[in-house]
Amino acid sequence: MSGLDHNARIVDLWNRRATLTVPEWSELYRLSVPLLMRTRLPDDYRDDARRTALVTDFFQDKILLNAETSQAGPLVNAHALHGYLQHYEMDLRRKRPPEESLDVLRERDGYDVAAAPLPPAHTALLSEAGIDPGHVMHSADRFVATLQPAELGYLRHASCNEGKAEPISRIAERLTIGASYHLMAKRLGITRSKGETYRGYEKTKIGAWLLSTGAQLHPDWREELATLLLVLCRQVRMHVMEAE
């Protein structure tokens, strides 16, 4: 998909964000992050880890969690998101107490699960659904630690890829998974047969983990499920970075 196609797809998904499915939210995230990483920001965000943390918080706080209540109108050009991110960063800077700034950045740079809480709006969404945000972060960390290297690779390069998701077959070939690669992906929960959506998803590893957090596999829970998957992807990236 070319850059122009990416931008058109972002605009399409943005303008339908109140009714997006979980896979479409994942696609919007994958397409938006590389664009937002190129936004002109203060020198504080030259560090890739710090910039990634800001972009992820912005997506969760202002795009995902405000999908139905945001006053932002239809998007004409995907590059307008640069301005949205810049305003978000300025708002954070105004609200952040000066004496806390370095501590917050150290926590983010260190990727400490316990010391890096979720954005307030994100926390509120899960709490209102009866889900403990702190438990979710530690639960996701424990779940990711149980995955096989091939399963972790699937998540990192497919579902949790910040750019274009790689085909399962290509990931399997690079990781030398073998002929059972499709079955492994299906059991993990990153591939679904046409029309399955939520039906039977509780039998997959990811589906079982989602249920363990207190979530329900139902269309009415699409925002909560998308939020939980973003938390899971954050833990996947942390584990991959630690392994490297």
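In what follows, the accompanying structure is described. Within each chain, residues carry numbers counting from 1 in the order of the written sequence. Only residues with pLDDT of 70 or above have their local features reported here, since the model is predicted, and side-chain atom pairs are shown and tallied only from 80 upward, although totals for entire chains, interfaces and linings are computed over all residues. Calculation of side-chain values draws on the structure's entire complement of heavy atoms; hydrogens and water are dropped beforehand.

**Here's the deal with helix α11 (residues 205-212)**
Only protein chains enter the accessibility calculation, which uses a 1.4 Å probe; a residue is then buried when its area is under 20% of its type maximum, exposed when over 50%, and partly exposed in between. The numbering of helices and of strands both runs from the N terminus, where a helix is a DSSP run of H or I of at least 4 residues and a strand a run of E of at least 2. Those residues of α11 that sit buried are I206, G207, W209 and L210. Projection of α11 onto a plane perpendicular to its axis shows the buried side chains occupying an angular sector of 160°, all on one side. Within 3.5 Å is the distance limit for a polar contact, defined as a pair of N or O atoms, with the added protein rule that one can donate a hydrogen and the other accept it, and that residues adjacent in sequence qualify only through two side-chain atoms. Where α11 begins, the side chain of T204 points an oxygen toward the backbone nitrogen of G207, at a separation of 2.9 Å. Residue G214 follows α11 closely and has a positive phi angle near 105°. The arc in question is traced by the directions running from the helix axis to the C-beta atoms.

**Side note on the packing of aromatic side chains**
Any two of the Phe, Tyr and Trp rings considered here, Trp counted by its six-membered ring, make a pair once their centres fall within 6.5 Å; the pair's planes then place it as stacked at under 30 degrees, edge-to-face at over 60, or tilted in between. Within the structure shown, the criterion is met by five aromatic pairs. With a centroid separation of 5.8 Å and an interplanar angle of 35°, the aromatic rings of W14 and Y84 are classed as tilted. With W14 in helix α1 (residues 3-15) and Y84 in helix α4 (residues 80-95), this pair connects stretches of sequence that are 70 residues apart. Looking at W14, the relative accessible area reads 3%, which means it is buried. Here the aromatic rings of W25 and F59 are separated by 6.2 Å at their centres, their planes lie at 90°, and the arrangement is edge-to-face. Of the two residues, W25 is situated in helix α2 (residues 22-36) and F59 in helix α3 (residues 48-64); the sequence distance between them amounts to 34 residues. An identical accessibility class is assigned to W25 and F59; each is buried. An aromatic cluster is defined as three or more aromatic residues linked by ring pairs; in this entry it consists of W25, Y29 and F59. Lysine and arginine charges are scored as sitting over a ring when NZ or CZ, respectively, is within 6 Å of the ring centre and within 35 degrees of the ring normal. Above the face of the W14 ring, R17 is positioned so that its terminal group lies 3.9 Å from the ring centre.

**Quick notes on the pattern of salt bridges**
Any Lys or Arg side-chain nitrogen found within 4 Å of a carboxyl oxygen on Asp or Glu counts as a salt bridge. Overall, the coordinates contain six salt bridges when judged by the stated rule. Measuring nitrogen to oxygen at the nearest pair gives 3.3 Å for the salt bridge that ties E24 to R16. Note that R46 is salt-bridged to D43, the shortest N-O span being 3.4 Å. There is no split in this pair, since R46 and D43 are both exposed. Here the salt bridges do not stand alone but share partners, grouping R9, D12, R16, E24 and E27 into one network.

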